[in-house]
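Descriptive analysis of the structure
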Amino acid sequence: MGYLRGFAVTAKKIFEGVTTKQYEGGKGGKTDQKAPKPERLHGRHVLNKYEDGMEKCIGCELCAGVCPANCIYVRGAENPPSDPKSPGERFGYVYEINYLRCIHCDMCVEACPTEAITETKLFEFSFSNRSDAIYTKDELLVDDDGRPQQLPWEDWRDGEDQHTSGWMRATAPSGKASAQGTVAWSGELGYGVRAPEAAQNVRTPIDAAIEAVAVDTAKAEEKG
Amino acid sequence: MTTAEPTEAVTGVPFTLNGTELVAEEGELLIDACDRNGVHIPRFCYHNRMKPVGMCRMCLVEVDTGRGKALQPSCMLPVTPEMKVETESEATKKAQDGVLELLLANHPLDCPVCDKGGECPLQDNAYAFGPGETRFVEEKRHFKKPIPISDLVKLDRERCILCDRCTRFASDVAGDPLIHFIDRGSQTQVNTFPDHPFSSYFSGNTVQICPVGALTAEPYRFKARPWDLEAVESTATVDSTGARVVLQSSQNEIVRVLGVDSDAVNWSWLSDKERFSYEATAKGDRIEQPLVKNEETGMLEATRWNNAAKKVGAALRVEPDRIAAVGGARMPLEGQYAWAKLLKGVVGTDHVDAQLDDGLPGPLVLGLPRATINDACKPGGVVVTIGADLKEELPTLFLRLRHAVVEDGVKLIELTSTATHLSDFATVRFDVTPGSVGQFATAIAKQAGADLDFDVADESGLVEAQADKVAAAAALLDGSVPVTIIVGRGNLAESPRFTSDAVGIFRRLNDDFQFMPALRRGNINGALEMGLVPGFTPGGVQRESAQLDTWPDVPDFDGMDTKEIFRAAAEGRIDTLLLLAANPLQDFLDEDLVRRALANVKTVIAVDGISTETTDLADVVLPAALFGEVDGTFVNLEGRLSPLRAKVTPPSQARPDWMIPAELAIVLGVELGFTTIDELHSELSEVLPSFADIDWDTLGSSDDGPVLKLNRSWNIEFGKPAAAPPATSAFRLVATRKLWDQGTMVQESPSLASLPSEAAIHLNPDDIERHGFVGDSVTVRIGDQTHTIPLTSDVRVNPTTASIPVCLPGFDARTLITGRSTTAVEIRPNGTT
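Everything numeric here is computed off the predicted structure, so don't read it as measured data. (Residues numbered from 1 in each chain as written. Chains lettered and ligands numbered in written order. Predicted model: local features only at pLDDT ≥ 70, side-chain atom pairs only at ≥ 80, totals over all residues. Heavy atoms only, no water.)

**Observations regarding the overall build of chain A**
- Assigned secondary structure in chain A consists of 5 helices and 5 strands.
- Each helix (α) and strand (β) of chain A, taken in turn from the N terminus, gives the series α-β-α-β-β-α-β-β-α-α.
- A total of 224 residues make up chain A; the buried ones form 38% of that total.
- Of all intrachain contacts in chain A linking residues separated by at least 6 positions in sequence, the fraction that spans at least 24 positions is 69%.
- As displayed, chain A has an accessible area near 13100 Å², and 55% of this comes from carbon and sulfur atoms. (Helix = DSSP H or I, 4+ residues; strand = E, 2+ residues; numbered from the N terminus. Buried < 20%, exposed > 50% of the residue type's maximum accessible area, 1.4 Å probe, protein only. Contact = heavy atoms within 4.5 Å. Areas by Shrake-Rupley, 256 points an atom, 1.4 Å probe, with all protein chains shown as cover.)

Laid out in structure tokens, this is it:
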């Protein structure tokens, strides 16, 4: 009869409240707002396009090769001369990321020679089965206006697509500090050429917001 | 050690490498001497299997030969005594920096797109020896991105660094000088001649040796990246040379085959068929499930293994004399042994033949003393070729032989049915007409002093007319130098009797002559060795003297060969016919006979991996795993064992060949005695003396593989050769084979399927003129049938003979072959009868 005890746990949990914490104000509430995120936060990936609409991905598989979690699967193919998908001979024919494996380390972004893959700051997405966790090229590719696709199961808010790419690399070009502040980024659909990320000693509004949250949390902990 | 031993005299050339005193071999190139001593000098153009040219200047090192230090290309410099070499000096490094910076001045940096990226010598050397930064800001040179130089190879001239490797390979190694440098200065490029594509049988090698991504092979373009390839060493099974290869796979699919530098066999070269026919396994029309014919509808339907096995088991429970099996040359040795044990040991039939009447008699091949390829190619020797153009049938062997004849001074005597791609280099070449090879052999042997009790029967005067050649050949075969006789079936329209006669005469001339059977089908030598030939049991032992303790039984009658089997089957004397990976409708010379045979047999059982027109007519089809899907062993034409390794999983329910007879035996209530491949290997080592010392686990992993010691306890009696057919006004037919044909492996490989040319009848230009043939075609009469066949003028064809390749699209040349000892056809100008 041991299983009854198991059921009892389930039954008890049904009537306990949900432990998931909503953002301040609750979902759909008046003040429903996400907490500010650092500029370099690693979220769901996008595949970028050039300003002429060509895909940046050339199917070189460097991202898949460097991925420590082995979550990327890429196959290249020859660009059809009449309808090329990307500049050059090769394009990414299959591109899949398995988000059950991805650890958002951003190594793929660093490895990418064409800035094709970058990460948004979106981490509010979930799935109820394993195959849904595999994002295909159709889902990862940016829209015709260069913005990430807002898929039904993802929680996008206004303005959140701003930081899909731009200066997302952890290091400066060629690893040289002197390159800080220079644009090392080709033009892209929907954004043109982005401004470089601010130097590390410059405070941005987001830095201030994050610090404010941190101070609030510290105060709350002191009280508690 | 108590007393100091006298030091061994140092033989060789003493030199100093980076301050260490070393000894090089006499005449050794500096780059090789450094390699041997563990000092790597970067290089692009140097390839150890080709002559050095010093094109790329990457291997510059600082050398002091007593006249002061100077930069010299180490690939062009034989080591001389007391030479002092610096490979890491400032001057050397500066030279390396300079060479790489200049090479990269025009080399595009599209490495992420380029297929070579990740395994590129230019990339590696730039990282290891390059300056790291370039000073060039100018626009790089541009060419049209890849241009197809053949059906299989694309050339990206922007990436080319002009190392001369591909062009040297094409002209020096393959003998197909179809690509060359054109233009001058910064516009220098490799290209083909106008309207002459690089249609070489060896074009894939240029892709393998290209040190950048300039040459890419169509089947591999953009398929995978080098770092996600898994690799395993194996052996090419499309012909009997047994070239060593490495199979590379990605995502459980073989995507590339590369040649391995095996000193004894293929020297890293492969023919395009060996290199690209892997496509047939992945993309061919595979049989994935056992199929059984539905009695009512007559259609093949998928079923389970045990249903199919039961049906086969029932068909095998008839009189052994009424069961026959054809084929088996495609399988690994293990499958061949298991089938031989089931058919000969359990079922008890001797009607088993792996050759489809297109090779040489099994007893002849099994009884000849074998030469290795290195024996044949040893400088100073003599090679006699009887039969076909090796370039068409065994291309990799052709490359080795070509090198031996062209570079190493091996003397070549040709007794082939048509001139070959080596004829220009042959010391003696005979114009042999069908049926006369035995007479030529007799004349040569008599002249060389053989004690023969018969004379040359030369009614047509053909031998007499070439008396000076006979004398020249006889002088070469006087026994003072080693002789290798490469013997194949050069003419399918001629009885193999004539070839065996010639072999017999050379046997009688000198017992020390060694032979190499140039049978082309994959593992045919393994099949013969495993007893898939009437009258024999495994180990090349005759049926009567078989001593096989682990076998329940041996056949108690002498079996029929393939031709007799099909005749018997057509007459209803066979109940069960097994086709072991054979496609006789395509490969057997008399298609009509095969159709009648298949119709009159009660149960046709086909074991194959790929669906063919023959398997479509079978009653039971058992799916077999193919090349790259199973472990096993290959026996090449030298008798050398080399491993076949699995890299990908077989499709669906396909099984390794050896498992299928093992399972059928259980249905018959017998155990074959092995349930794993290791047990099968132990049984082979136990039962067959020639396999006793084989170390199966490390087979070929550290060397080129062991050569089986074939000690035959029996001798073939050779008598008087059959007389040559009399002279005739008609043309004697020479039916040859081409590398690209309608065969299963070529047709099921998408990249190769379109390569076969249309069948045409080839005539000597003199004959064309003499008979006044005009236009593109001629009318050919055989018996009471006439055919209009395209005509090609071909100097390789001997006068008074007509050559036509079989198994090509357009015209089925098999319809011209009568099955008599030779075939004569009447050829008329087109439009007349």
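**Focus on the interface of chain B and chain A**
- Taken residue by residue, the interface counts 20 residues in chain B and 14 residues in chain A.
- Buried area between chain B and chain A, both sides added, is near 1300 Å², and the carbon and sulfur share of it is 49%.
- Summed over the three residues of chain B that lose the most area to chain A, namely B:Pro112, B:Phe222 and B:Trp227, the buried surface amounts to 43% of that side.
- Counting across the chain B and chain A interface gives 7 salt bridges.
- Put simply, A:Glu78 and B:Arg221 hold a salt bridge, and the shortest N to O gap is 3.0 Å.
- At the boundary of chain B with chain A, the tally comes to 8 residue pairs in polar contact (both at pLDDT 80 or more).
- In the side of chain B that touches chain A, the residues fall into 6 nonpolar, 2 polar and 12 charged. (Buried area = accessible area lost by both parts, 1.4 Å probe. Salt bridge = Lys/Arg side-chain N within 4 Å of Asp/Glu carboxyl O. Polar contact = N/O pair within 3.5 Å; in protein donor to acceptor, adjacent residues only side chain to side chain. Nonpolar A, V, L, I, M, F, W, Y, C, P; charged D, E, K, R; others polar.)

**Observations concerning helix 19 (residues 562-570) of chain B**
- Burial in helix 19 of chain B covers these residues: B:Thr562, B:Ile565, B:Phe566, B:Ala568, B:Ala569 and B:Ala570.
- On its buried side, helix 19 of chain B packs onto strand 16 (323-327), strand 17 (352-353), strand 25 (576-580), helix 20 (584-587) and helix 21 (591-600) of chain B.

**A few points about the confidence of the model for chain B**
- With 98% of its residues at a pLDDT of 70 or more, chain B shows a mean pLDDT of 93.
- Confidence metrics for the complex model read pTM 0.92 and ipTM 0.85. (pLDDT = per-residue confidence, 0-100.)

**Thoughts on the environment of A:Ser131**
- As for its placement among the helices and strands, A:Ser131 is situated in the loop between strand 4 (117-119) and strand 5 (134-135).
- What makes A:Ser131 exposed here is its relative accessible area of 52%.

**Examining the domain arrangement of chain B**
Residue and element names in this part refer to chain B.
- By domain assignment, chain B separates into domain 1 (12-88), domain 2 (291-359 + 524-624 + 658-693), domain 3 (363-518) and domain 4 (731-829).
- Taking the mean C-alpha position of each, domain 2 and domain 4 sit 33 Å from one another.
- With 13 residues of domain 2 at the contact, the number on the domain 4 side is 10 residues.
- Between domain 2 and domain 4, the buried area comes to about 820 Å², and carbon and sulfur atoms account for 47% of it.
- Of all residues in domain 2, Gln586, Leu589 and Ile610 bury the most surface against domain 4, accounting for 60% of the area lost on that side.
- The partner of Arg814 in a salt bridge is Glu591, and the shortest N-O contact between them spans 3.0 Å.
- Linking domain 2 with domain 4 are 5 residue pairs in polar contact (both at pLDDT 80 or more), by the criterion used here.
- The greatest single-element share of the side of domain 2 that touches domain 4, amounting to 4 residues, is contributed by helix 20.
- Counted by class, the side of domain 2 that touches domain 4 contains 5 nonpolar, 4 polar and 4 charged residues. (Domains from an automatic or database assignment.)

**What to know about the packing of helix 14 (residues 437-447) of chain B against helix 17 (residues 496-509) of chain B**
All names here are of chain B.
- Two elements in contact, helix 14 and helix 17, have axes whose closest approach is 7 Å; the angle formed by their N-to-C orientations is 15°. The angle between helix 14 and helix 17 falls in the class roughly parallel. The two elements helix 14 and helix 17 meet at a crossing, and its hand is left-handed. Only Phe498, Thr499, Ala502, Ile505, Phe506 and Leu509 of helix 17 make contact with helix 14, whose side of the interface consists of Val437, Gly438, Ala441, Thr442, Ile444 and Ala445.
- Across the contact of helix 14 with helix 17, the residue classes tally to 9 nonpolar, 3 polar and no charged. (Axes fitted to C-alpha atoms, helices over the stretch in contact; angles between N-to-C directions. Parallel < 35°, antiparallel > 145°, perpendicular 65-115°, else oblique. Left-handed = near helix turned anticlockwise from the far one by under 90°.)

**Describing the sheet that holds strand 10 (residues 215-217) of chain B**
Residue and element names in this part refer to chain B.
- The antiparallel open sheet is built from 3 strands, whose spatial order is 6-7-10. Here the strands that pair on one side only, and so sit at the sheet edges, are strand 6 (147-148) and strand 10.
- Across 3 bridges, the pairing between strand 7 (residues 153-155) and strand 10 is antiparallel. Looking at strand 10, one finds that Lys154 is bridged to Thr216. (Pairing = 2+ DSSP bridges.)

**Observations regarding a nonpolar patch on the surface**
Residues and elements named next belong to chain A.
- Taken together, the side chains of Met1, Tyr3, Leu4 and Phe7 present a nonpolar region at the surface, about 520 Å² in accessible area.
- Considering the arrangement of structural elements, one finds Met1 in the segment before helix 1 (2-15).
- Residue classification places Met1 among the exposed positions, given a relative accessible area of 73%. (Patch = residues over 30% accessible without salt bridge, like charges linked within 9 Å, V, L, I, M, F, W, Y side chains within 5 Å.)

**Details of the nonpolar core**
Residue and element names in this part refer to chain B.
- Core analysis: the largest hydrophobic core is formed by 100 residues, its most contacted members being Trp339, Leu415, Phe430, Leu477, Phe506 and Leu622.
- With 9 residues, the single largest contributor to this core is helix 9 (residues 333-347).
- There are two domains that each give this core at least three residues, and those are domain 2 (291-359 + 524-624 + 658-693) and domain 3 (363-518).
- The residues touching Phe430, leaving out its near neighbours within four places in the chain, are Ile413, Glu414, Leu415, Thr416, Phe440, Ile444, Gln466, Lys469, Val470 and Ala473.
- Residues Val383, Leu399, Leu412 and Ala426 belong to the second largest nonpolar core, which totals 77 residues. (Core = buried A, V, L, I, M, F, W, Y, C linked by side-chain atoms within 4.5 Å.)

**Focus: the pattern of salt bridges**
- Taken as a whole and judged by the stated rule, the model has 68 salt bridges over all chains.
- As a salt-bridge pair, B:Lys602 and B:Asp575 come within 3.6 Å of each other at their nearest N and O atoms. Of this pair, B:Lys602 sits in the loop between helix 21 and strand 26 (603-608) while B:Asp575 sits in the loop between helix 19 and strand 25, and the two are 27 residues apart along the sequence.
- Residue classification places B:Lys602 among the exposed residues on the basis of a relative accessible area of 63%.
- Judged by relative accessible area, which is 9%, B:Asp575 ranks as buried.
- When salt bridges with common partners are traced through the structure, they connect A:Glu78, A:Glu89, B:Asp110, B:Lys145, B:Lys154, B:Asp156, B:Glu158, B:Arg159, B:Glu218 and B:Arg221 into a single cluster.

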